[in-house]
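# Close look at the chain arrangement
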Amino acid sequence: MFRLLSKQPVFPKLSRSYIAGQFTGKPNANGKYTVTLIEGDGIGVEISQAVKDIYAAANVPIEWEPVDVTPLLIDGKTTLPQPAIDSVNKNLVALKGPLATPVGKGHTSMNLTLRRTFNLFANVRPCKSIVGYKTAYENVDTVLIRENTEGEYSGIEHTIVPGVVQSIKLITKPASEKVIRYGFEYARSIGKKHILIVHKASIMKLSDGLFVSTAKEVAKEYPDVTLDFELLDNTSLKLTADPSDYKDVVMVMPNLYGDIMSDLSSGLIGGLGLTPSGNMGNKVSIFEAVHGSAPDIAGKGLANPTALLLSSCMMLRHMSLNADADRIESAVLKTIASGPENRTGDLKGTATTSHFTKQVIANL
């Protein structure tokens with residue numbers, strides 16, 4: 001039997017001091033910043049090399065510190081090698097290619113392991129139409145922020161009786177407040193003064209209801225930002241009917257919804273190969289290409305490095321290296337728009353990875 005020990009809230013109110021997004025790293029004696037590089041698996045090595053080549057040609061003040069993140073299974077728990085953990089904690093920022101989780105060895109998802117290890121509580125996924133690459137939608141310009149640590153992905157599952165499995169959706173006020181407050185701060189930083197909370201509180205009255213009520217509390221501290229709410233199914237319909245309705249808003253939502261809706265948004269602009277992503281923590285931030293490791297084309301020179309390049313531009317802006325980010329992003333977009341001969345196969349082109357890389361360098 002449980003007894004309520006206190007009438008005080010279970011969780012104390014969080015201060016604003018934890019808000020992510022403030023890079024505090026300092027340049028080395030040579031004026032460059034050290035960034036941890038997780039090249040990844042499959043095509044990860046090739047697209048990481050493209051980033052390194054383009055950064056070298058552009059004289060970006062970055063020194064890469066490659067690390068091995070081959071997972072260790074310690075007492076049944078997937079763990080990263082300590083040198084990799086130390087590198088990320090030291091440099092405060094990392095760029096990550098796609099990772100494959102070992103199959104049949106009891107490992108937890110590598111991406112989930114990274115998020116938990118560094119408490120990367122917010123995933124930021126902007127999706128913007130690329131001029132010169134035609135899709136079914138035009139003028140897409142959405143920003144989605146996903147809670148990254150709990151919800152259905154908490155990993156709390158068990159078998160009640162054979163044939164009956166229960167999976168628990170965990171929503172806590174501290175985690176909800178963290179990501180929602182970050183959403184408000186991020187919206188301010190990019191000049192968007194409208195937050196949209198996407199939820200399903202009509203059905204999940206307690207869990208999603210807590211996310212909604214927390215947003216209402218946080219919103220009181222941001223009178224200059226408009227707060228609205230929308231059911232997940234309505235957002236799915238409206239976003240695919242007319243994405244321009246979401247051009248001026250920052251969408252914030254729990255983990256599973258954010259995972260699905262961010263991929264949906266990517267589809268509007270041409271796929272995951274064009275979509276940057278950043279994972280924000282209290283101190284550490286990891287920017288990544290969210291597409292798969294594509295082992296079937298690894299080593300064949302067919303990989304598209306765009307997503308990792310654009311993610312690296314997010315990283316540079318996070319580090320206040322805006323001019324370098326603008327220059328590289330402009331060169332990438334110019335290359336894609338220049339025609340199919342300079343685009344990789346996933347973008348209906350004929351270019352190899354190396355040819356695409358050389359064209360980006362030529363457009364710097």
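See the structure shown above.
Residues numbered from 1 in each chain as written. Predicted model: local features only at pLDDT ≥ 70, side-chain atom pairs only at ≥ 80, totals over all residues. Heavy atoms only, no water.

### Points about the pattern of salt bridges
- Tallied over the entire structure, the rule returns 18 salt bridges.
- For Lys-90, the salt bridge is made with Glu-65, and the minimal N-O distance between the two is 3.2 Å. One end of the pair, Lys-90, is in helix H2 (residues 82-91); the other, Glu-65, is in strand E2 (residues 62-66), and 25 residues separate them in sequence.
- In this structure Lys-90 comes out as exposed when scored by relative accessible area, which is 51%.
- In this structure, the salt-bridge partner of Lys-96 is Glu-288, at a minimum N-O distance of 3.0 Å. (Salt bridge = Lys/Arg side-chain N within 4 Å of Asp/Glu carboxyl O. Helix = DSSP H or I, 4+ residues; strand = E, 2+ residues; numbered from the N terminus. Buried < 20%, exposed > 50% of the residue type's maximum accessible area, 1.4 Å probe, protein only.)

### Some words on the packing of aromatic side chains
- Scanning all chains against the criterion turns up 5 aromatic pairs.
- Ring centres 5.3 Å apart and planes at 55° place the aromatic pair Tyr-55 and Trp-64 in the tilted group. Grouping residues by exposure puts Tyr-55 and Trp-64 together as buried.
- Between the aromatic rings of Phe-121 and Tyr-182, the centroid separation amounts to 6.3 Å while the plane-to-plane angle is 90°, which identifies the pairing as edge-to-face. One end of the pair, Phe-121, is in strand E6 (residues 120-128); the other, Tyr-182, is in helix H4 (residues 173-189), with 61 residues separating them in the sequence.
- Through pairs of rings, three or more aromatic residues link up here, namely Phe-121, Tyr-182 and Tyr-186.
- The ring of Phe-229 carries Lys-216 above its face, with NZ or CZ at 5.6 Å from the centroid. (Phe/Tyr/Trp six-rings, centres within 6.5 Å; stacked < 30°, edge-to-face > 60°. Lys NZ or Arg CZ within 6 Å of the ring centre and 35° of its normal.)

### Side note on the pairing of strand E13 (residues 278-281)
- Residues Gly-278 and Met-280 point to one face of E13 and Asn-279 and Gly-281 to the other, with burial holding for every one of them.
- Direction of pairing for E6 relative to E13: antiparallel, over a ladder of 4 bridges. Bridging from a neighbouring strand, Leu-120 pairs with Gly-281 of E13.
- As paired elements, E13 and strand E14 (residues 285-288) share 3 bridges and run antiparallel to each other. Each bridged residue has a counterpart across the sheet, and for Met-280 the counterpart in E14 is Ser-285.
- Between E13 and the antiparallel strand that follows it, E14, lie 3 residues. (Pairing = 2+ DSSP bridges.)

Everything listed is a geometric property; what it means functionally is a separate question.
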